[in-house]
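Coordinate analysis (summary)
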Amino acid sequence: MKEKIITIELPTPFHIGAVNVYLLVGDTITLIDCGPKTKEAWTVFTEQLHHYGYRESDIEQLVLTHYHPDHVGMYAYFSEPPTVFAPADEMVYLQRDSLFLQHRTTFFTTFYKQMGVPPKLIEGEQKKLAMYAHYASVISAPLPLGPTLPCHPDWQVLKTPGHSPDHRSFYHKDSGTLLGGDCLLPHVSSTALMEPPLHGETVRLKPILHYRQSLRMLRSLPVTLLYPGHRLPFSNVSTLIDERLHLQEKRASSLLLALQSPQTPYELSQLLFPKIYTKDLHLTISETVALLDLLEEQQLVERQEHEHTTYYVQKEGVEVNEAP
Ligand SMILES: [Zn+2]
């Protein structure tokens, strides 16, 4: 490989813990992801840069795996912001204009209501989503990302949606090296988080289906070393992907057992996450809906609408066995 990869680990205020950013040092110096917008992360970042013999101004471009605040926040702190590259269809997540943010708020209010979440909790969750956004930066004019990393032609840009709709991973074919963002993490299964549909679409997304497709695509590559968005690099990629896919199927089939009578996703989230279903509503509803989307895709459950609320129930004639 022509490039050297330098890992810098930064603190975050989030439950997930520290986040990794990577310096890809070749003819051009590229930063992959850029941490949350906290002074603490920025201090560690600049100290680590100096430690490796670089300055902030040496970073010529920034490429992001996805738009989540712990991956894009520090952009605001660069005195001369580097050029940012992002997927052309999904720049809206980084640009964060008021119309998009309004669309997002409206979507989640309706979505949570449909999923059976009590109004008081919806209000609190909207506040939390807004707070979370404070750790992100607005990147108003990113340049479109092509099929390879700009100035690093040996690195392919792979579409890996699911954890977020704009998620990308970067693959160096000759060495089998993958910069994988949050697509596959070594210590926890990555959540397929709900997002509103874009580009005038009205049908809600089923992120889990995209996520499973992304995992299967990565499974087909001879990846020998994966640099994740959190924690240490690892090499047992295909084993871990099989485990993650199997765990989703197992959790979905145990959820199916609870669906002899119609239930809302909110009711089911209490069963699945008895300790955190109110505290981490966005995460727990996303996880629950993801499993239901999977069961629906497998034609094991059906949806029923009653007074603007969605209920799920086992399809008639479905044989329910717990997965091994
Ligand atoms: Zn993420």
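Residues numbered from 1 in each chain as written. Predicted model: local features only at pLDDT ≥ 70, side-chain atom pairs only at ≥ 80, totals over all residues. Heavy atoms only, no water.

A few points about the environment of Lys39
Threshold: Elements are defined by DSSP. Helices are runs of H or I of four residues or more, strands are runs of E of two residues or more, and each kind is numbered from the N terminus.
Structurally, the position occupied by Lys39 is in helix α1 (residues 39–51). Lys39 sits 81 residues away from Lys120 along the chain, and the two C-alpha atoms are 33 Å apart.

Here's the deal with the domain arrangement of the protein chain
How we decide: Residue ranges for the domains originate in an automatic or database domain assignment. Once two parts are joined, some of their accessible surface, as seen by a 1.4 Å probe, is lost; buried area is that loss totalled over both. The working definition used for a salt bridge is a side-chain nitrogen of Lys or Arg within 4 Å of a carboxyl oxygen of Asp or Glu. Under this definition, polar contacts are N or O atom pairs within 3.5 Å; protein pairs additionally need one hydrogen-donor-capable and one acceptor-capable atom, and for neighbouring residues in sequence, both atoms have to be side-chain atoms.
Domain boundaries assigned for the protein chain yield domain 1 (4–95 + 136–235) and domain 2 (253–314). In this structure, domain 1 and domain 2 have C-alpha centres spaced 30 Å apart. Together domain 1 and domain 2 conceal approximately 950 Å² of surface at their shared face, both sides included; 59% is due to carbon and sulfur atoms. It is Thr191, Lys206 and Ile208 in domain 1 that bury the most area against domain 2; as a group they hold 40% of the surface buried on that side. Counting across the domain 1 and domain 2 interface gives two salt bridges. Salt-bridge contacts for Asp293 lead to Arg204; the nearest nitrogen and oxygen are separated by 2.8 Å. Linking domain 1 to domain 2 there are four residue pairs in polar contact (both at pLDDT 80 or more).

What to know about the state of the cysteines
A disulfide bridge is the covalent bond that connects two cysteines by way of their sulfur atoms. Going by this rule: When two cysteine sulfur atoms are found within 2.5 Å, that pair is recorded as a disulfide.
Within this structure, the stated rule accounts for zero disulfides. Cysteine Cys34 is unpaired, with the sulfur of Cys151 as its nearest cysteine sulfur at 18 Å.

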